[in-house]
Amino acid sequence: MKLVLVPAGDFEMGSEEPAETLAIAYPQYELSRFLALRDEVPVHKVRITRSFYLQQYEVTVDQFMQFLKASGYTPESVADGTGGYGYNARHVAEKSERGDAFEGRDPKYSWRNPGFKQESDHPVVNVTWNDAVAMSRWLSDKEGRRYRLPTEAEWEYAARAGTQTRYHSSNDPRSLLKIANTFDADARVNWPQWTDYAIAGHDGFAFTAPVGSYMPNGLGLYDMHGNVWEWCSDWYGENYYAKSPRDDPPGPASGIVRVRRGGSWHTWALYARSSYRNWNTPETRYPLVGFRLLLEID
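Notes on the structure follow. (Residues numbered from 1 in each chain as written. Predicted model: local features only at pLDDT ≥ 70, side-chain atom pairs only at ≥ 80, totals over all residues. Heavy atoms only, no water.)

Core analysis: the largest hydrophobic core is formed by 56 residues, its most contacted members being Tyr29, Phe64, Phe102, Trp191 and Phe291. Mapped by element, the contributors of at least two residues to this core are helix H1 (19–25), helix H3 (61–71), helix H5 (129–143), helix H7 (176–179) and strand E8 (229–235). The leading source of residues in this core is H5, at six residues. Contact partners of tyrosine 29, with chain neighbours within four places excluded, come to Phe34, Tyr197, Trp268, Ala269, Leu270 and Tyr271. Counting residues in hydrophobic clusters, the runner-up holds 22 residues, among them Met13, Trp155, Ala159 and Cys232. (Core = buried A, V, L, I, M, F, W, Y, C linked by side-chain atoms within 4.5 Å. Buried < 20%, exposed > 50% of the residue type's maximum accessible area, 1.4 Å probe, protein only. Helix = DSSP H or I, 4+ residues; strand = E, 2+ residues; numbered from the N terminus. Contact = heavy atoms within 4.5 Å.)

Pairing analysis gives four bridges linking strand E1 (residues 3–6) to strand E4 (residues 52–55), with the strands arranged antiparallel. In the strand pairing of E4, valine 4 is matched with leucine 54. One ladder, built from three bridges, connects E4 with strand E12 (residues 294–296); its direction is antiparallel. The residue bridging leucine 54 from the neighbouring strand is leucine 294, located in E12. (Pairing = 2+ DSSP bridges.)

Another point: the sheet that holds strand E7 (residues 147–148). Sheet strands associate in pairs through backbone hydrogen bonding, adopting either a parallel or an antiparallel arrangement. Taken in spatial order, the four strands of this open sheet run E1-E4-E12-E7, and their pairing is antiparallel. Bordering the open sheet on either side are E1 and E7, each of which pairs with just one other strand. Packed on one face of the sheet, helix H6 (residues 152–160) meets E1, E4, E7 and E12 and runs near 75° to E4. (Axes fitted to C-alpha atoms, helices over the stretch in contact; angles between N-to-C directions.)

As structure tokens, this is what we get:
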């Protein structure tokens, strides 16, 4: 794995953009979507007191396969027999019980098969939070150093790379075309009902892209926006920002769902912003979700 040094420092975490301002930047969205972003406030100063290394790219299919072969670990989607989710062109989201864009759970879907072709250098998907933690623990034992998932604060600090704009590229959603694989003209072909939310342009991929296919941020990290959502170590707390400690916030002490950040190849631009927060249960496996690991510095 290639690692990037992220130096200690401080930043303003979160976003307090008024709904009216967001409505100008994203005119196709309903007002209710902006009003629902209340977990991004208040903006608060966070200090990351210790430098760390972060994977330059998201964990790839090949890296995850090497982990499974060397460790003997069985991913949850296989171990519990329920499988994962996957793309099926015949699946109709509006007719599914939850209006889901993907078919599942089904044993035919897993990290090996998300319903679309992936090469060895694509980010692994359909991996649970528990799968990601298992890989970090195995790697830690193997190397005698501590690997783990980044905290939500560490993730946003690294993603912003010194910026305070919506994306590390700028405030303009169209700037994502150069730095990220998100929901654009290539992906909308498979979901024409959401055409209005697609970025007007092509990033070259309808599904996942090989890691590092776009421009990196100021720290040299790739795909911090888009490609796949990335698991963080934190439990999710909607109102956590109001009481978050200034130094190295670890997230709530307990919870039901874990944080994921960054957006994916299927994510609309509003939800790929540096400040946007999302979550899933730790056993969730989905064709939009992967991870990258952090290495602590002694």
